[in-house]
Amino acid sequence: MNATKKAVTIYVPRDSTAVSLGADEVAAAITAEAARIGIDVELIRNSSRGMFWLEPLVEVATDAGRIGYGPVQPEDVASLFATGLTHGGEHPLSLHLVEEISYLKNQERLTFARAGITDPVNLADYRAHDGYKGLSNALAMEPAAIIAAVTDSGLRGRGGAAFPAGIKWKTVSGAEGEQKYIVCNGDEGDSGTFADRMVCEGDPFVLIEGMTIAGVAVGATRGYIYLRCEYPYGERALNEAIKAAYAANWLGANIQGSGKHFDLEVRMGAGAYICGEETSLLESLEGKRGMVRFKPPLPAIKGLFGCPTVINNVITLASVPIILDKGSEHYKNFGVGRSRGTLPVQLAGNIKHGGLVEKAFGVSLRDLLYTFGGGALSGRPIRTVQVGGPLGAYIPDSQFDLPLDYEAYAKLNNMVGHGGITVFDDTVDMAEQARFSMEFCATESCGKCTPCRIGSTRGMEVIDRLVAGDQPVKQEALLRDLCDTMLAGSLCALGGMAPFPVLSALNHFPEDFQKSSQQQTPRVRVAS
Ligand SMILES: Cc1cc2nc3c(=O)[nH]c(=O)nc-3n(C[C@H](O)[C@H](O)[C@H](O)COP(=O)(O)O)c2cc1C
Ligand code: SF4
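A brief look at the structure comes next. Because the structure is predicted, anything quoted here is derived from the model rather than measured.

Once that is clear, we can look at the site of ligand 1. Taken together, 20 residues lie near ligand 1, and G159, N185, N312, N313 and T316 sit nearest. At 3.4 Å from an oxygen atom of ligand 1 is found a main-chain nitrogen or oxygen belonging to R158. Protein contact buries 91% of the 610 Å² of open area that ligand 1 shows by itself. Looking at the shell around ligand 1, the elements with two or more residues in it are β9 (309-313) and α22 (493-497). Considering each element in turn, the shell around ligand 1 owes the most residues, three residues, to β9. Partitioned by chemical class, the residues of the shell around ligand 1 number five nonpolar, nine polar and six charged.

So, about the sheet that holds strand β4 (residues 65-69). Taken together, the five strands give an open sheet; going across it, the order is β2-β1-β3-β4-β5, and neighbouring strands pair in mixed fashion. Of all strands in the sheet, those bounded by a partner on one side alone are β2 (41-44) and β5 (94-97). In this sheet, neighbouring strand axes are inclined to one another by 25 degrees on average, regardless of whether the strands run parallel or antiparallel. In the sheet, strand β1 (residues 8-11) pairs with β2 via four bridges, with the strands oriented parallel. Within β2, the position partnered with Y11 by the bridge is I44. Each of β1, β2 and β3 (58-62) is contacted by helix α2 (residues 23-37), which is oriented at about 170 degrees to β2, the strand it contacts most.

To describe a pair of aromatic rings, one takes the distance between the centres and the angle between the planes. Within this structure, the stated rule accounts for twelve aromatic pairs. Note on F361 and Y406: the rings are 5.1 Å apart at their centroids and 45 degrees apart in plane angle, and the pair reads as tilted. Of this pair, F361 sits in the loop between β13 (355-360) and α16 (365-372) while Y406 sits in helix α17 (residues 406-411); the two residues are 45 residues apart in sequence, bridging distant segments of the chain. Since its relative accessible area comes to 9%, Y406 is described here as buried. The interplanar angle of 70 degrees and the centroid separation of 5.8 Å between the aromatic rings of Y394 and F424 together place this pair among those described as edge-to-face. With Y394 in strand β15 (residues 394-396) and F424 in strand β16 (residues 420-425), this pair connects stretches of sequence that are 30 residues apart. Grouping residues by exposure puts Y394 and F424 together as buried. It is R66 that lies over the ring of Y11; its NZ or CZ is 3.5 Å from the centre. Over the face of the ring belonging to Y231 we find R228, whose NZ or CZ atom lies 5.6 Å from the ring centre.

About the cut-offs
- Residues numbered from 1 in each chain as written.
- Chains lettered and ligands numbered in written order.
- Predicted model: local features only at pLDDT ≥ 70, side-chain atom pairs only at ≥ 80, totals over all residues.
- Heavy atoms only, no water.
- Near = heavy atom within 4 Å.
- Polar contact = N/O pair within 3.5 Å; in protein donor to acceptor, adjacent residues only side chain to side chain.
- Areas by Shrake-Rupley, 256 points an atom, 1.4 Å probe, with all protein chains shown as cover.
- Helix = DSSP H or I, 4+ residues; strand = E, 2+ residues; numbered from the N terminus.
- Nonpolar A, V, L, I, M, F, W, Y, C, P; charged D, E, K, R; others polar.
- Pairing = 2+ DSSP bridges.
- Axes fitted to C-alpha atoms, helices over the stretch in contact; angles between N-to-C directions.
- Contact = heavy atoms within 4.5 Å.
- Phe/Tyr/Trp six-rings, centres within 6.5 Å; stacked < 30°, edge-to-face > 60°.
- Buried < 20%, exposed > 50% of the residue type's maximum accessible area, 1.4 Å probe, protein only.
- Lys NZ or Arg CZ within 6 Å of the ring centre and 35° of its normal.

Any functional reading would require information that these geometric values do not contain.
Right under this line is the structure:
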């Protein structure tokens, strides 16, 4: 009798990072080579685990665990099969057990627990890896108890402002309104950030589940995911997952017989940085131009279409299911001070091992940059990093031991923000970077208030004069004055924080602003 031979399971990521590095061609080459040599392969298109320098990372399921090879190109596929890919055989591209790669092994993955492990749009796979346990628990709880669990976990908004999620939810829960909304901020406009994109592409169900829990908790029956237009792969994965969730009654009317109702759809932004600011986002979602609204009223009281609205970042909402599954204490046990849980840090720019590192708060920049990141890609010394996107301060080496903690960062006028870290080596020109911050603000300003709209352009001019050595003492005083005005007089954090990178460059790297007088060797600007 012929025993049926089991197919070999091979994983090739389908997310935009891996695809941009050739994952689709690698997947096609694997299918073709397997057919040619008569091997039955089940090809699963998982998502990146966040080790971008190894993409496309091909994994094969073996009795010992998942064995990885990377970075794989289509021309490597024949030799991979020839050296025993199907049983994890040795090959020059062998990475051995993927879970044992130190970059992954030394992380604390809560929000990204499934990233790269599951088929992102397969609901059964999601459920087999603890998916929907959080919502199942929430459906059996009183709404107030769900909100209490989120508050007790210490979860703070991961979009930048670090506002406690539970308090925001409580405000919406107590607000008057027939209709309430959950809005997910997936605009992710900060330079060097990609964690939201990785959730949308790599584990969309966790976001859907988090939003549904939020809806049940505050009494909102409709949700929108506002996604930046540069994320078509995320849009596709989210829509596939939403369709599957509706089909299995995890969305829609009477969810799993609970009597709770939640509808969800994805809306694409048109690509303006200011549309990540929550009130601009709401304007855009309502079909208007993305302009910042005056506050109060807060969106929690009068948000989308004038109704009480929870607006949270992708990572904030995607962190909720594990809190409802494992309990607030479990989540709270990670972190330091008032910064509880984990932060998915994104290493970008001039870094050898760029990618996603989810660590408990408290980790130092030095650990992230050297233990995980492996130092600058150029091999030169790291001179500075910009943490928290284009409005974040430039942090010098002397502060690399600072623990990742909202309060510790704020004390030094630094920002954790959305956890993006852009790395620059010693060839960076900090005067150019400071000018770029003002230029960015001028380009992206919504134009509603004067300090931001006009101040940013004047800021560029003053920096130009300062660098040219035109009355430098006077120009520096003028620049600091202008920064004070923008800090104090801007309506939103775009104009209100753009001075932070400028001032940090000026304070930590004054020599870069004195080029004309000191005849320095010209430095090369590294794009952020
Ligand atoms: C100019 C500007 C851009 C912003 N961009 C984003 C963004 O892309 N994504 C995001 O989640 N929050 C962004 N924010 C923060 C949001 O206004 C808001 O604080 C956040 O969506 C609230 O969610 P959270 O509490 O979960 O962080 C931005 C704020 C400003 C001022
Ligand atoms: S600070 Fe800039 S972006 Fe914000 S409201 Fe004022 S003009 Fe608009």
